[in-house]
Amino acid sequence: MQGLNYTFARSAEEAVAQFAGAGGSARYIAGGTNLYDLMKLGIERPAHLIDVSRIDGMDAIETDGEVLRFGGRALMADVAYAPVVRDEYPLLSQSLLKAASQQLRNMATVGGNLLQRTRCMYFRNGAGSSSMVGVYPCNKREPHSGCSAIGGVDRTQAVLGTSQACTAVAPGDWPVALMAMDATIETLGPQGARALPIAEFYRLPGDTPHSEFNLNPGELVTAITVRKTPAGRRSTYHKVRDRESYAFALASAAVAVEMEGATVRAARIALGGVATTPWRSSAAEAVVTGSTLTRELAIQAGRAAFADARSGKQNAFKIELGARVVADALIIAAERRA
Ligand SMILES: Cc1cc2nc3c(=O)[nH]c(=O)nc-3n(C[C@H](O)[C@H](O)[C@H](O)COP(=O)(O)OP(=O)(O)OC[C@H]3O[C@@H](n4cnc5c(N)ncnc54)[C@H](O)[C@@H]3O)c2cc1C
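A quick note: this is a predicted structure, and the numbers were derived from the prediction, not measured. (Residues numbered from 1 in each chain as written. Predicted model: local features only at pLDDT ≥ 70, side-chain atom pairs only at ≥ 80, totals over all residues. Heavy atoms only, no water.)

Describing the overall build of the protein chain
Selection rule: For the purposes of this entry, the term helix denotes a DSSP run of H or I that reaches at least four residues, the term strand denotes a run of E that reaches at least two, and both are numbered from the N terminus. Computation of the radius of gyration draws on C-alpha atoms alone. For the globule rule, the value is 2.2 Å times the number of residues to the power 0.38. Under the scheme applied here, a residue whose accessible area is under 20% of the maximum for its type counts as buried, over 50% as exposed, and between as partly exposed, the area being computed with a 1.4 Å probe on protein chains only.
Scanning the protein chain from terminus to terminus reveals 11 helices and 12 strands. The C-alpha atoms of the protein chain give a radius of gyration of 20 Å, which matches the 20 Å a tight globule of 338 residues would have. With respect to the three principal axes, the spread of C-alpha positions in the protein chain is 60 × 50 × 35 Å. In the protein chain, which comprises 338 residues, the share counted as buried stands at 52%.

What follows is the structure, given as C-alpha cells:
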C-alpha cells in the first residue's frame, strides 16, 4: 500500500514551498471532487497532497476597477451567486450553475474546475459505463499506449482539436465561458508569479495528450481575472446534455454580444463539449460581426464554427447539434437587456 502525506497551506507561498519540498509526485487539492475520484480509479497516485482550500484570501471575489477577480479557491457556488456575476455576466454564472450538482458546487473551486481531467471513459478505464470496466489503452492516462476511443465507442468524443493520439473532450463548462471573456489565469510557482491568457492555458493533444495545461510543476492557480466589458450583460451559456441536470455537455456555447439595434457590433463565441480544449470560434464571430442578426445568420455562424470538424463513427451528430447550440445562444444573448 502506498503512503500519503497530507498537509495544509495557509498562504500561496507556503503551498509552493511545500510542493518544492515534496518531490515529484505532490498534487494540490482544493475541493477534491475530481482528484479523489481519480485517485480511487488509480489514475492519479500522488504521494503528497497539499490542501489549498484554506489559504487566506484566495477565496475572494472582487471587482477592482475594470477587472473582476476570483480567487483560485473560491467555490463554484459562491462565484455563481455573487450579485455582480449573476447580474452583469450571466454566461459566467450560468456556466457554473449548469455544471455538476449544488452539493458539488458547494465543495468544488473555480481553480480546480480549470484543471479537472477529461471524462473520456477510456481515460477513466471504463468508469461510468457498467459494461466496460477493464484495462483500455489511453495516451492521456499512459503516454504512447494508444487511443481506444479512435475506432471504439466515440459518441461523446470531440470533433474539434482532435489528433491521431486523442479525441477526449475538455469537460469543464466554466473554462468555456472564461474563454469567451478572454480571462487571465494568475499563478504563483517556484519561478514567481505570472499571468497567462486563458487561450494559452490549455494545450491541444497533438502527440502528447497527457500534457494538458501550460502550467509548470508546482504552479498554483491563485486567481482568475476577467476584464469588464459591455458584452457581459448580453451573454448566455447554453448547454445541451443527455439529461437536463447533473450531466456534462454534449455541446455548449458561451456567447456574449454587443448590439446596435439589430446589428451585432462585436461577438464572443466559445464552444464546449465538442472540442479537446475550451474552443473559441473566431470564424463564427466573423460571420455575425457587423451584420443584422437573423436566425439564418446565426445558423450560418454555427456552421462556420464546425467547418473544420472531424467526426468518428457515432459523434457526427455533434456537428449539427453544436451549430444549432451556437445559433440558439446567439439569439438568446442578443435578446437580453444591455
Ligand atoms: C458527478 C460529477 C458531475 C460533474 N459535472 C460537471 C459538469 O457538468 N460540468 C463541469 O464543469 N464540471 C463537472 N464536474 C466536475 C467538477 O466541477 C470538478 O470536479 C470541480 O470543479 C473540481 O474542483 P475541485 O476544487 O474539487 O478540484 P480538485 O479535485 O481538488 O482538483 C482538481 C485538479 O486541480 C488541481 N488544483 C486544484 N486547485 C488548484 C489550484 N488552485 N492551483 C493548481 N492546481 C489546482 C488539483 O491538483 C487537481 O489536479 C462534475 C463532477 C462530478 C463528480
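Side note on the domain arrangement of the protein chain
Counted only if it meets this: Residue ranges assigned to each domain were obtained from an automatic or database domain assignment.
According to the domain assignment, the protein chain consists of domain 1 (5-51) and domain 2 (233-335). For domain 1 versus domain 2, the distance between C-alpha centres works out to 36 Å.

Remarks on the site of the ligand
Note the cut-off: Residues are counted as near a molecule or strand when any one of their heavy atoms sits within 4 Å of it. In the analysis that follows, any N or O atom pair within 3.5 Å is treated as a polar contact, provided that within protein one partner can donate a hydrogen and the other can accept it, and provided that, for residues neighboring in sequence, both atoms belong to side chains. Here the Shrake-Rupley method, with its probe set to 1.4 Å, supplies the accessible areas, and only the displayed protein chains count as covering residues. Under the convention adopted here, Pro, Cys and the residues Ala, Val, Leu, Ile, Met, Phe, Trp and Tyr are nonpolar, Asp, Glu, Lys and Arg are charged, and Gly plus all remaining residues are polar.
The full set close to the ligand counts 27 residues, and Tyr28, Gly32, Thr33, Thr109 and Asp173 are the nearest of them. Measuring from a nitrogen atom of the ligand, one finds a side-chain N or O atom of Gln116 at 3.2 Å. Here an oxygen atom of the ligand sits 3.2 Å away from a polar atom, N or O, in the main chain of Ala247. About the coverage of the ligand: the protein hides 93% of its 980 Å² of free accessible area. Of all elements in the fold, only β2 (26-29), α7 (110-114) and β8 (220-227) reach the threshold of two or more residues within the shell around the ligand. Of the residues contributing to the shell around the ligand, the split by class is 15 nonpolar, nine polar and three charged. Two domains each put at least three residues into the shell around the ligand: domain 1 (5-51) and domain 2 (233-335).

Thoughts on the sheet that holds strand β4 (residues 61-64)
Convention followed: Pairs of strands are assigned from DSSP output, requiring at least two bridges between the strands. Axes here refer to lines fitted to C-alpha atoms; in helices the fit is confined to the stretch in contact. Angles between the N-to-C directions go from 0 to 180 degrees.
Here five strands make up an open sheet; going across it, the order is β4-β5-β8-β6-β7 and the pairing antiparallel. Two strands bound the open sheet, and with one partner strand each, they are β4 and β7 (192-197). Along the sheet, successive strands turn relative to each other by an average axial angle of 25°, direction set aside. Alignment of strand β5 (residues 67-71) against β8, held across five bridges, turns out to be antiparallel. Bridging from a neighbouring strand, Val67 pairs with Arg227 of β8.

Observations regarding helix α11 (residues 317-335)
Heads up, the condition is: One fewer than the residue count of a helix, multiplied by 1.5 Å, yields its expected span. Any two residues having at least one pair of non-hydrogen atoms within 4.5 Å are treated as being in contact.
The end-to-end C-alpha distance of α11, which contains 19 residues, comes to 27 Å, matching closely the 27 Å that a straight helix rising 1.5 Å per residue would cover. Of the surrounding elements, those touching the buried residues of α11 are β9 (235-240), β10 (251-260), β11 (263-272), α9 (282-288) and α10 (295-305).

Describing the sheet that holds strand β1 (residues 5-8)
With parallel pairing, three strands are arranged side by side in an open sheet as β1-β3-β2. The open sheet terminates on both sides in strands that have one partner only, identified here as β1 and β2. In this sheet, neighbouring strand axes are inclined to one another by 25° on average, regardless of whether the strands run parallel or antiparallel. The strands touched by helix α1 (residues 12-22) within the sheet are β1, β2 and β3 (48-51), with β2 carrying the most contacts at an inclination of about 155°.

Observations concerning the environment of Leu104
Mapped onto the elements, Leu104 comes out in helix α6 (residues 102-107). When its relative accessible area of 26% is taken as the criterion, Leu104 is described as partly exposed. Between the C-alpha atoms of Leu104 and Tyr246, which are 142 residues apart in sequence, the distance is 9.9 Å. In this structure, Leu104 is in contact with Thr33 and Tyr246, ignoring residues within four places of it in sequence.

Regarding the pairing of β10
A regular strand places its side chains on the two faces of the sheet in alternate fashion. Burial within β10 is extensive, with nine of its 10 residues counted as buried. Two strands pair when backbone bridges link them, and β9 and β10 are joined in this way by six bridges, in the antiparallel orientation. Along β10, the bridge assignment pairs Ser235 with Ala256. Relative to β11, β10 runs antiparallel, the two sharing nine bridges. Within β11, the residue paired with Ala256 across the bridge is Arg268. Between β10 and β11, which pair antiparallel and follow one another directly, the connecting turn spans two residues, one of which, Gly261, has a positive phi of 65°.

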